[in-house]
Amino acid sequence: MTQRRDRRGWPARGLHRLALAALAVATTAVPTIAVAGAGAAPAPVSAVAAASSTPASSTPRSSTPDLGPTTLVLDPSMSTADIQAKVDAVAAAQVPNERGPQRYAILFKPGTYGTADKPLNFQVGYYTEVAGLGQNPGDVVINGSVYVRNQCSAPGSCIALNNFWRSLSNLTVNVTTPDFGCYSGQFWAVSQAAPLRRVHIKGLTTLMDYCTGPSFASGGFIADSTFDGVVINGSQQQFFTRNSTVGSWTNGVWNQVFSGTVGAPAECFPASSACGGPYTTVDTTSVSREKPYLYVDGSGAYRVFVPAAATDSRGVSWASGSTPGRSIGIGDFYVAKPSDSAQAINRELARGRNLLLTPGVYHLDRTLRVKRADTIVLGLGLSSLTPTTGQVAMSVADVPGVDIAGITFDAGPVSSQVLLQIGTQRAAGSQGPSRAGWSSAADPTGLQDVFFRIGGPHVGKATVSLEVNSDHVVLDDIWAWRADHGNGVGWTSNSADTGLVVNGDHVTATGLFVEHYQKTEVIWNGEHGSVTFFQNELPYDPPSQAAWMSAPGHEGYPALLVGADVKSFSGSGMGSYSFFNQGVDVFAANAFEVPTTSGVRLHDLLTIFLDPSNGKGGIRNVVNGVGGSSTIANPDVPVTVVDYP
């Protein structure tokens with residue numbers, strides 16, 4: 001993401017009027033909340049009522065785990081004032097903390113929090129996970145709001161473009177924001193890596209903070225959620241909503257995509273006065289696997305629920321009661337802490353245990369190896385894994401049903417060939433052994449809310465971020481990001497060729513964000529692959545056209561390349577944007593390059609040239625020489641192809 005984007009045509013005043021018309025504002029007074037200043041030291045955070053005194057490294061098989069010093073476990077018996085003070089302390093520390101190592105999880109035990117007279121309203125900053133500990137979203141109810149707003153670098157410079165790395169899941173919000181004025185409603189003004197999952201929002205939801213300008217936003221991801229009221233898209237340039245229910249959706253900007261969503265707008269691409277849009281609407285989700293989650297059962301024991309895979313699904317997984325799936329006792333998990341060595345974690349994985357990463361940054365001197373089928377690796381508080389010796393950070397053997405969720409992979413200063421490797425790649429041209437037993441259509445491997453960074457917090461290098469060699473894998477909310485701002489950023493500093501390489505067959509991506517890599521950003525070699533929603537920005541910083549050529553006479557690299565031998569692939573709702581900011585013209589010949597065959601089909605494609613004040617060059621064609629160019633001659637205007645071929 002950049003802070004220089006131009007989002008025209010979304011007046012904050014008009015959207016505020018829409019919000020007020022949709023929202024019945026309560027008349028009760030909101031209590032005064034004392035919030036620590038942004039520069040104040042964060043208050044100590046402890047795992048209230050849930051912590052064991054036994055260190056995680058001793059691997060107890062207790063039903064009450066030690067979730068670490070930066071996990072708050074909140075109980076409905078606590079006063080609203082006490083809870084408010086704790087969550088505000090986390091927000092004060094984390095709202096400005098884009099590149100810090102601190103990680104937090106705020107977990108609510110089953111019950112009700114806040115009242116109409118004394119609601120619980122709090123802000124969510126960087127590296128903060130907010131989640132309910134019930135088995136279903138209705139088990140935890142917050143009367144109030146859990147919100148994200150613009151960040152303001154100066155008056156008139158308030159945006160959500162960099163509101164990354166936070167999450168809200170598995171609870172119900174009865175929106176109660178009396179006397180909030182313009183901020184009445186549930187605000188979730190975010191960009192990438194900030195998912196909403198398994199939430200039930202009763203009241204108005206806005207994905208744009210229209211109370212301060214210019215309000216640019218670049219999200220986003222929603223899954224398995226219900227919104228009873230209006231959802232304001234506003235300035236969100238793109239957004240993906242999967243297997244959810246919406247009361248109504250206000251508008252599109254460039255690439256609003258819905259899959260298996262009840263109440264979604266009808267297909268309308270490109271945008272037109274007749275139908276609004278732009279909307280790409282897929283009736284059902286072909287393959288999905290919801291994210292595993294931590295919960296507390298009726299006896300007070302901690303468990304992890306692993307939702308079952310679904311095919312051709314529509315709506316939320318909990319519509320008729322509990323989500324189908326299996327429950328695993330916390331005693332079958334190794335509850336790791338950031339000080340644990342990779343050797344210690346691998347030892348527990350080899351013993352057949354699952355892995356729960358408590359919040360923090362894990363520095364790894366060797367690869368974490370997942371070898372057992374159906375192993376669950378679940379991060380809390382957006383835990384980060386950083387390889388320190390140039391090794392693969394995590395590898396998964398040729399086994400089915402593994403699930404990796406809620407983790408950020410940060411490249412280290414020594415270049416890694418791959419950060420996360422799923423399955424073993426066979427030698428080129430080798431027929432190899434049969435893949436039978438390596439994968440299962442009924443029990444696919446799943447990755448949910450898995451994020452990759454090359455640079456940003458520190459210098460990082462990796463040739464490939466994610467390599468998928470196994471068959472039957474679901475990629476659900478993946479953001480692979482070569483940093484465009486932060487620490488260790490530059491053409492020769494945070495070097496990275498490709499965000500995603502898919503060699504396996506029957507790999508499904510729902511919500512795929514890949515940005516700024518230096519060569520082809522996604523390479524898809526597997527058969528029967530599917531992508532629903534793809535968001536890409538080409539690298540900002542090629543120093544010259546000569547430095548960015550995929551072959552002699554072929555300008556630049558595509559955002560997504562389907563291998564020449566692939567016979568079956570489908571993609572819907574796919575956008576690629578250019579912002580070459582080095583002051584010289586740099587072009588990509590195509591945003592998408594695919595074999596021309598009847599089994600490879602793309603639907604609702606677009607390219608955009610960003611920021612004519614600072615951008616140069618552009619994208620010559622949308623796909624395979626078709627679709628026209630996006631350059632300074634047509635800035636901030638989508639160039640579209642509805643179907644290819």
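Fair warning: this is a prediction, and the values are worked out from it, not measured in the lab.

**Notes on the overall build of the chain**
Okay, step 1: Per the secondary structure count, the chain includes 3 helices and 47 strands.
Okay, step 2: In the chain, which comprises 645 residues, the share counted as buried stands at 62%.
Okay, step 3: Counting contacts in the chain only where the partners sit at least 6 residues apart, residues at least 24 apart contribute 70% of the total.
Okay, step 4: If you sum the accessible surface of the chain, you get close to 20,600 Å²; carbon and sulfur atoms cover 52% of it.

**What to know about the pattern of salt bridges**
Okay, step 1: Here the structure, examined in full by the defined rule, presents 18 salt bridges.
Okay, step 2: A salt bridge links Asp224 to Arg198; the shortest N-O distance between them is 3.5 Å. Here Asp224 is found in the loop between strand 13 (221-223) and strand 14 (226-232), whereas its partner Arg198 is found in strand 11 (residues 196-202), with 26 residues between them in sequence. The residues Asp224 and Arg198 share a single accessibility class, namely buried.
Okay, step 3: Connected through shared salt-bridge partners, Arg197, Arg242, Glu290, Lys291, Asp449 and Asp476 make up one network.

**Looking at the sheet that holds strand 29 (residues 394-396)**
The pairing of strands in a sheet comes from backbone hydrogen bonds and takes either a parallel or an antiparallel form.
Okay, step 1: Taken in spatial order, the 10 strands of this open sheet run 27-29-31-33-35-37-41-43-45-46, and their pairing is mixed. Each edge of the sheet is formed by a strand with only one pairing partner; in this case those strands are strand 27 (368-370) and strand 46 (630-631).
Okay, step 2: Taken together, the 4 bridges between strand 33 (residues 462-468) and strand 35 (residues 498-502) define a ladder with parallel strand orientation. Bridge assignment links Val464 to a residue of strand 35, and that residue is Thr498.

Calculation notes
Residues numbered from 1 in each chain as written. Predicted model: local features only at pLDDT ≥ 70, side-chain atom pairs only at ≥ 80, totals over all residues. Heavy atoms only, no water. Helix = DSSP H or I, 4+ residues; strand = E, 2+ residues; numbered from the N terminus. Buried < 20%, exposed > 50% of the residue type's maximum accessible area, 1.4 Å probe, protein only. Contact = heavy atoms within 4.5 Å. Areas by Shrake-Rupley, 256 points an atom, 1.4 Å probe, with all protein chains shown as cover. Salt bridge = Lys/Arg side-chain N within 4 Å of Asp/Glu carboxyl O. Pairing = 2+ DSSP bridges.

Everything listed here is a matter of coordinates, which is why it stays silent on function.
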